[in-house]
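Analysis of the macromolecular model
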Amino acid sequence: MELSPSTQVLARNLEALDGAKGGIIDSPWGEAIPLLRHHQPAAHLVSLHTDYAHYRVAQEAQAGNPNTTIRFGVGLDPADGAFDWLILYLPKGRELRELLVESATRALAANGRLLLVGRTRSGVRSSQRTLREYFQDVEKLDVARRCALYRATNPRPDSPKHEGLNAWMRNF
C-alpha cells in the first residue's frame, strides 16, 4: 500500500516525535500506525478516528498489538492520560478542526507537541490561525507533495475552552 502524501511528509519528519506516549488523530485508513510502530516500537500509541470505516480498518490491522489502542469518536478519552506528542491529520471542516485541536490541546502533557499535517488544498495553511489560538509556538517543519507539516508547542493557558460536545453544536 502506498502512503498518502500527508503520511509521506510525516515519515520524513519522524525525529520530531519522541516520548513514551503518542497519539494519532484521523490517520487515513490507519496508515500511519505501522510507520510509528516501526519508529517507536515500545511507545504506547492511541489512534482516534472520526470516520468509522477508517476506524474499522485500523482496528483490524492492529488486532493483538498490546501497545496500540484504536478508538472511534470525536475526542480523546481523558482516561488515556497525557500525551507526549499527538499527530492530527487535517480534517476537511473548520469546525471539526477546531474541535480536534482543542481536544488535542487538553490531552497533551505540559511539554507536549501537536503535529498538524495536511494537504494545502484542504486548508492546512489557514489552520495556523487555529493553532495560534491554542499554542504559543507554531512552526512549519516541512512542505512537500502539496502537503505541509506544522509543530505546535507550549499550550496557551488562555486558549478557548468549550465544555462538552453541546458547546460545539449549531442550530440551523
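Anything mentioned here points back to the structure above.
This write-up is about the structure you can find in this document. (Residues numbered from 1 in each chain as written. Predicted model: local features only at pLDDT ≥ 70, side-chain atom pairs only at ≥ 80, totals over all residues. Heavy atoms only, no water.)

A short note on the layout of surface pockets
- In this structure, the largest pocket spans a volume of roughly 410 Å³.
- Together, 20 residues line the largest pocket, and D26, P28, Y89, L90 and K92 are the ones closest to its centre.
- Elements represented by at least two residues in the lining of the largest pocket include exactly α1 (5-11) and β5 (108-119).
- Of the residues assigned to the lining of the largest pocket, the class counts are seven nonpolar, eight polar and five charged. (1 Å grid on protein atoms, 1.4 Å probe; cavity = no way out; pocket = protein on both sides within 12 Å on 5 of 7 lines; lining within 4 Å. Points joined across faces, edges and corners; volume = space filled by probe spheres on them. Helix = DSSP H or I, 4+ residues; strand = E, 2+ residues; numbered from the N terminus. Nonpolar A, V, L, I, M, F, W, Y, C, P; charged D, E, K, R; others polar.)

Some remarks on helix α4 (residues 94-107)
- For α4, which comprises 14 residues, the first-to-last C-alpha distance of 20 Å matches the rise-based estimate of 20 Å (1.5 Å per residue) to within 8%.
- Restricting attention to buried positions, one finds in α4 the residues R97, E98, L99, L100, V101, E102, S103, A104, T105 and A107.
- Summarising the contacts, the buried residues of α4 are in contact with β1 (21-25), β4 (83-89), β5, α5 (127-134), β6 (135-144) and β7 (147-155). (Expected span 1.5 Å × (residues − 1). Buried < 20%, exposed > 50% of the residue type's maximum accessible area, 1.4 Å probe, protein only. Contact = heavy atoms within 4.5 Å.)

Things to note about the side chain of T105
- Positionally, T105 belongs in helix α4.
- Residue T105 is classed as buried on the basis of its relative accessible area of 10%.
- A distance of 2.7 Å separates the side chain of T105 from the backbone oxygen of V101, its partner in a polar contact.
- Once residues lying within four places of it in the same chain are set aside, the contact partners of T105 are Y134, F135 and P155. (Polar contact = N/O pair within 3.5 Å; in protein donor to acceptor, adjacent residues only side chain to side chain.)

Quick word on the nonpolar core
- By size, the foremost hydrophobic cluster in this structure holds 24 residues, and its most contacted members are L86, L114, L131 and F135.
- If you list the elements that add at least two residues to this core, you get β2 (44-49), β4, α4, β5, α5, β6 and β7.
- No other element matches the five residues that α4 contributes to this core.
- If sequence neighbours within four positions are ignored, L131 has contacts with V101, L114, L116, V138, Y150 and A152.
- Formed by 22 residues, the second largest nonpolar core is a distinct cluster that contains A32, L45, I87 and L149. (Core = buried A, V, L, I, M, F, W, Y, C linked by side-chain atoms within 4.5 Å.)

Considering the pairing of β7
- Pairing between β5 and β7: seven bridges, direction antiparallel. Following the sheet pairing, L116 is matched in β7 by Y150.
- Examined bridge by bridge, β6 and β7 share eight bridges and lie antiparallel to one another. Residue pairing for β7: F135 is matched across the bridge by P155. (Pairing = 2+ DSSP bridges.)

Points about helix α2 (residues 32-39)
- The complete set of buried residues in α2 reads A32, I33, L35, L36 and R37.
- Its buried side turned inward, α2 meets α1, β1, β2, α3 (52-61), β3 (68-72) and β4.

Things to note about the side chain of S47
- On the secondary structure map, S47 appears in strand β2.
- When its relative accessible area of 0% is taken as the criterion, S47 is described as buried.
- In this structure the side chain of S47 is engaged in a polar contact, spanning 2.8 Å, whose partner is the side chain of H49.
- Discounting residues that sit within four places of it in the chain, S47 has contacts with I24, I33, T69, I70 and R71.

Quick look at the packing of aromatic side chains
- Per the stated rule, a full pass over the model turns up three aromatic pairs.
- Both rings, one in Y52 and one in F72, keep their centres 5.2 Å apart while their planes meet at 85°; by these two values the pair is edge-to-face. Note that Y52 is positioned in helix α3 and F72 in strand β3, a separation of 20 residues in sequence.
- The exposure class of F72 is partly exposed, given its relative accessible area of 44%.
- Arranged with centres 5.7 Å apart and planes meeting at 45°, the rings of Y55 and F72 form a pair that is tilted. Within this pair, whereas Y55 is found in helix α3, its partner F72 is found in strand β3, the two being separated by 17 residues in sequence.
- Grouped by ring-pair contacts, the aromatic residues Y52, Y55 and F72 constitute a single cluster.
- Above the face of the F83 ring, K21 is positioned so that its terminal group lies 5.2 Å from the ring centre. (Phe/Tyr/Trp six-rings, centres within 6.5 Å; stacked < 30°, edge-to-face > 60°. Lys NZ or Arg CZ within 6 Å of the ring centre and 35° of its normal.)

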